[in-house]
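Architecture and fold: a report
Listed here are the chains, written in short residue letters.
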Amino acid sequence: MLNKMLCTLAGLGLLMPLSAFAQEAEAVPAISGADTSWLLISTALVLLMTPGLAFFYGGLVRSKNALNTMMMSFVALGVSGTLWAIAGYSIAFGEGSAWMGDFSMSFLTGVGLDPNGSIPDLLFMGFQGTFAIITAALISGAVVERMKFIPYVIFIGLWGLIVYAPVCHWVWGGGWLGELGALDFAGGAVVHVNAGVAAVVAALVLGPRKDYGREALLPHNVPFVLLGAGILWFGWFGFNGGSALAADGIAALALVNTLLAPAAGVFVWTLLDQFTTGKVTAVGIATGIVVGLVAITPAAGFVSPGGAIILGAVAVIPSYFIIKWRTRTSLDDSLDVFAAHGMGGIMGALLTGMLASPLFTEDGGLFFSGEFGQLGIQALSIGAVAVYSGGLTFGILKVLGMVTGGLRAESSDEGLGMDLVAHGEEAYATGEGAVLLNELEAPARVNGIKNGS
Amino acid sequence: MKLVKAIVRPSTLSDVLRALYAADITGLTVSNVRGHGGEVEVVGTYRGTTAKMELQDKIMIDIGISDDFVDIAVDAICKSAFTGNVGDGKIFVLPVERVIRVRTREEDMAAVTPVR
């Protein structure tokens with residue numbers, strides 16, 4: 001199964017032991033209409049997750065930072081999307097070495113309409129691009145309400161090329177973790193552990209918000225959070241289902257697992273909420289959905305539906321208690337990116353090593369084969385991604401801080417709110433008392449106010 | 001009795017409340033208001049429409065208080081609402097004719113004395 005995956009995923013004509021399915025595909029190197037249409041839809045679904053994330057994150061911050069927080073996701077659509085086509089895709093999926101791809105496909109050189117597996121090469125690039133976008137945007141949850149906007153934009157651009165693309169190559173692009181046999185169906189390590197560890201490092205480098213620990217920093221729009229969680233779940237069907245790279249049984253399995261694991265996760269989260277606080281919270285349910293989705297991501301096409309329910313139910317438990325613990329520490333990972341994505345990804349990757357079914361993988365996980373080998377490989381992939389992502393995120397941010405003269409907004413700007421300071425807009429402007437400026441006086445006044453970025 | 005009306009920045013509200021509670025002043029009313037106090041203007045741009053925000057969000061705190069506590073309240077607010085920039089706010093102290101506590105119909109001094 002793994003080899004099938006890599007063959008279709010990497011699509012570089014690498015000669016791998018071929019299973020029956022791959023041999024068929026090799027024999028008829030043609031584009032499948034069914035596969036292509038599902039991937040076209042999946043690409044659109046995954047792209048929608050980033051605006052969904054914007055609502056999820058935007059609702060969780062104070063109203064004076066709502067736009068800035070949502071912009072941190074939306075800007076990734078532009079920056080990370082463009083850089084993916086310019087170089088990221090080639091670094092991730094170019095032949096290269098075990099550690100990273102090459103620059104042979106920079107500016108999409110040679111990426112055309114020929115089949116890559118059973119879908120057009122260009123579509124594969126686009127589908128993978130949507131993953132690069134949301135992974136970068138995920139990190140923003142750790143730095144909201146205080147990071148200057150332009151340094152943030154530069155950061156996610158560099159991060160996508162230096163951190164995301166090589167890690168993607170390790171697992172999916174023919175790199176060393178894929179060769180070892182690490183199971184990561186749609187990005188438990190590549191996307192979620194990667195972003196989660198980067199987030200916690202970014203939160204440490206930036207330091208806590210000035211009001212953190214002194215004031216209750218409450219979500220300004222919980223309905224937005226629920227809307228965002230709903231959009232994320234909807235898009236995740238493309239994220240996991242599309243990662244089958246075909247409209248086949250495995251896609252159906254991945255999609256159903258993406259339904260069941262978060263359902264079980266929400267169920268358990270609800271019980272934990274009820275028994276620890278006495279009330280089931282809306283923000284809690286939204287978080288439970290996301291953690292369940294994160295956890296099933298590496299496992300989606302490898303576990304049975306029953307395994308998915310167990311996985312979702314078990315995986316959310318550490319995240320629940322990490323969030324409770326984290327808010328009492330000085331670590332201002334503001335929107336708990338590590339607890340949701342880092343921890344969820346770690347649990348998902350480890351449980352994949354236990355629950356992977358021999359029906360859908362070569363040997364199956366610990367519970368089927370009785371051997372710890374797969375679990376060890378899963379743990380190694382988590383550790384390697386965490387160390388690489390954490391180290392380089394730290395390096396990028398430190399250098400960027402020196403070059404740009406500080407990553408953080410002034411304390412007074414933080415008080416005023418990042419919406420006005422960084423963007424000159426408000427999320428909820430009433431228009432009362434706003435005076436229209438004519439073109440002649442406008443630029444001078446715009447330049448006259450303190451510019452946050 | 002006096003009515004202390006303080007207008008402060010929203011970002012300082014938590015500090016102001018903490019300072020007032022620390023000074024044993026617990027009966028107060030907070031409103032979201034908009035006003036202008038000569039501070040640096042904020043300019044917003046929405047798809048080519050550039051607008052100067054004449055009115056800025058402020059917080060108004062009303063405190064009915066006995067005469068002895070006026071200076072304490074003013075001092076607490078001045079210290080906690082201070083940022084040093086134009087727009088930190090104003091405090092108005094007004095005379096009050098009568099105060100009635102609804103629950104008990106206590107009047108004046110008795111009505112502004114906190115319930116222990």
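With 20 residues of chain B at the interface, the matching set in chain A holds 20 residues. Summed over both sides, the interface of chain B with chain A buries roughly 1,800 Å², with 53% coming from carbon and sulfur. Of all residues in chain B, B:Val43, B:Tyr46 and B:Lys52 give up the largest surface area on contact with chain A, accounting jointly for 27% of the area buried on that side. Here chain B is connected to chain A by one salt bridge. Between B:Asp15 and A:Arg214 there is a salt bridge, with the nearest N and O atoms lying 2.7 Å from each other. Linking chain B with chain A are four residue pairs in polar contact (both at pLDDT 80 or more), by the criterion used here.

So, on to the packing of aromatic side chains. All names here are of chain A. Under the criterion given, the structure shown has 20 aromatic pairs over all chains. Consider the rings of Trp-99 and Trp-176, whose centres lie 5.2 Å apart with planes at 35°: the pair is tilted. One end of the pair, Trp-99, is in the loop between helix H4 (66–93) and strand E1 (115–116); the other, Trp-176, is in helix H7 (residues 176–180), and 77 residues separate them in sequence. By relative accessible area, which is 51% here, Trp-99 ends up exposed. Judged by its relative accessible area of 18%, Trp-176 falls in the buried class. The interplanar angle of 55° and the centroid separation of 5.5 Å between the aromatic rings of Trp-236 and Phe-239 together place this pair among those described as tilted. Taken together, the positions of Trp-236 and Phe-239, both in helix H9 (residues 222–241) and three residues apart, correspond to about one turn of that helix. Just as Trp-236 is buried, Phe-239 falls in that class too. Cluster of aromatic residues (ring-pair linked, three or more members): Trp-84, Tyr-89, Phe-93, Phe-124 and Tyr-164.

Residues and elements named next belong to chain A. If you trace the backbone, Asp-333 turns up in the loop between helix H12 (305–326) and helix H13 (337–355). Put simply, Asp-333 is tucked away with no salt bridge, and the nearest opposite charge, on Arg-326, sits 5.5 Å away. Looking at Asp-333, its side chain comes within polar contact range of the main-chain nitrogen of Phe-338, at 2.8 Å. Sequence-distant contacts of Asp-333, that is, excluding residues within four places in its chain, are made with Gly-141, Ala-142, Ala-203, Arg-326, Phe-338 and Ala-339.

Next up on the list: the nonpolar core. If you look at the biggest cluster of nonpolar residues, it comprises 124 residues, and the most contacted ones within it are A:Phe56, A:Phe93, A:Met147, A:Tyr152, A:Phe155, A:Tyr164 and A:Phe239. Top element by residues in this core is helix H6 (residues 149–172) of chain A. It accounts for 14 residues. Those residues within four positions of A:Phe239 in sequence are excluded, and the remaining contacts are A:Val46, A:Met49, A:Phe127, A:Phe131, A:Ile134, A:Ala186, A:Val191, A:His192 and A:Thr297. With 18 residues, the next largest nonpolar core counts B:Ile25, B:Ile61, B:Val70 and B:Ala73 among its residues.

Note that an α-helix has 3.6 residues per turn; residues three or four places apart therefore point the same way. All names here are of chain A. Between the first and last C-alpha of helix H11 (residues 282–296) there are 22 Å, a value that for 15 residues agrees with the 21 Å anticipated at 1.5 Å per step. All of the buried residues along H11 are Gly-284, Ala-286, Thr-287, Gly-288, Ile-289, Val-290, Val-291, Gly-292, Leu-293, Val-294, Ala-295 and Ile-296. On the buried face of H11, the contacting elements are helix H3 (33–60), helix H8 (188–206), H9, helix H10 (249–277), H12 and H13.

Residue and element names in this part refer to chain A. Mean pLDDT over chain A: 90, with 90% of residues reaching 70 or higher. Confidence drops under a pLDDT of 50 for residues 1–25, and excluding neighbours within four residues, the segment shows 45 contacts in the predicted structure. Below a pLDDT of 50 lies the segment residues 443–453, which in the model reaches 20 contacts outside its immediate sequence neighbourhood of four places, other chains included.

Residue and element names in this part refer to chain B. Pairing within the open sheet is antiparallel, and its four strands lie in the order E2-E5-E1-E6. Two strands in the sheet have a free side with no partner beyond their single neighbour: strand E2 (29–35) and strand E6 (89–95). For this sheet, the mean angle separating the axes of adjacent strands, direction not counted, is 20°. Sheet topology places strand E1 (residues 2–8) next to E6; seven bridges connect them, and they run antiparallel. Note on E6: the bridge partner recorded for Ala-6 is Ile-91.

Any two side chains of opposite charge can pair, so long as their charged atoms come close to each other. Residues and elements named next belong to chain B. Under the counting rule described, the total for this entry stands at 18 salt bridges over all chains. Residue Arg-34 pairs with Asp-57 through a salt bridge whose shortest N-O separation is 3.0 Å. Of this pair, Arg-34 sits in strand E2 while Asp-57 is found in strand E5 (residues 56–65), placing the two residues 23 residues apart along the sequence. What makes Arg-34 partly exposed here is its relative accessible area of 33%. For Asp-57, a relative accessible area of 42% gives the class partly exposed. Here Glu-106 makes a salt bridge to Arg-101, at a shortest N to O gap of 2.9 Å. Judged by relative accessible area, which is 30%, Glu-106 ranks as partly exposed.

The next point concerns the environment of A:Thr281. Residues and elements named next belong to chain A. Turning to its location among the elements, Thr-281 is positioned in the loop between H10 and H11. Among the residues examined, Thr-281 registers a relative accessible area of 33% and is labelled partly exposed. A polar contact of 3.0 Å, which involves the side chain of Thr-281, links it to the backbone nitrogen of Gly-284.

A separate point is the pairing of E1(B). Of the strand pairs in this sheet, E1(B) and E5(B) are connected by seven bridges, and their pairing is antiparallel. Residue pairing for E5(B): B:Leu3 is matched across the bridge by B:Gly64.

Residues and elements named next belong to chain A. For the pair H4 and H6, interaxial distance at closest approach is 8 Å and the crossing angle is 40°. It follows from the interaxial angle that H4 and H6 lie oblique. Like other packed secondary-structure pairs, H4 and H6 cross with a definite hand, here right-handed. The residue inventory of the contact of H4 with H6, partitioned by class, reads 21 nonpolar, five polar and no charged.

Thresholds, definitions, all that
Residues numbered from 1 in each chain as written. Chains lettered and ligands numbered in written order. Predicted model: local features only at pLDDT ≥ 70, side-chain atom pairs only at ≥ 80, totals over all residues. Heavy atoms only, no water. Contact = heavy atoms within 4.5 Å. Buried area = accessible area lost by both parts, 1.4 Å probe. Salt bridge = Lys/Arg side-chain N within 4 Å of Asp/Glu carboxyl O. Polar contact = N/O pair within 3.5 Å; in protein donor to acceptor, adjacent residues only side chain to side chain. Phe/Tyr/Trp six-rings, centres within 6.5 Å; stacked < 30°, edge-to-face > 60°. Helix = DSSP H or I, 4+ residues; strand = E, 2+ residues; numbered from the N terminus. Buried < 20%, exposed > 50% of the residue type's maximum accessible area, 1.4 Å probe, protein only. Lys, Arg positive; Asp, Glu negative; His and termini not counted. Core = buried A, V, L, I, M, F, W, Y, C linked by side-chain atoms within 4.5 Å. Expected span 1.5 Å × (residues − 1). pLDDT = per-residue confidence, 0-100. Pairing = 2+ DSSP bridges. Axes fitted to C-alpha atoms, helices over the stretch in contact; angles between N-to-C directions. Parallel < 35°, antiparallel > 145°, perpendicular 65-115°, else oblique. Left-handed = near helix turned anticlockwise from the far one by under 90°. Nonpolar A, V, L, I, M, F, W, Y, C, P; charged D, E, K, R; others polar.

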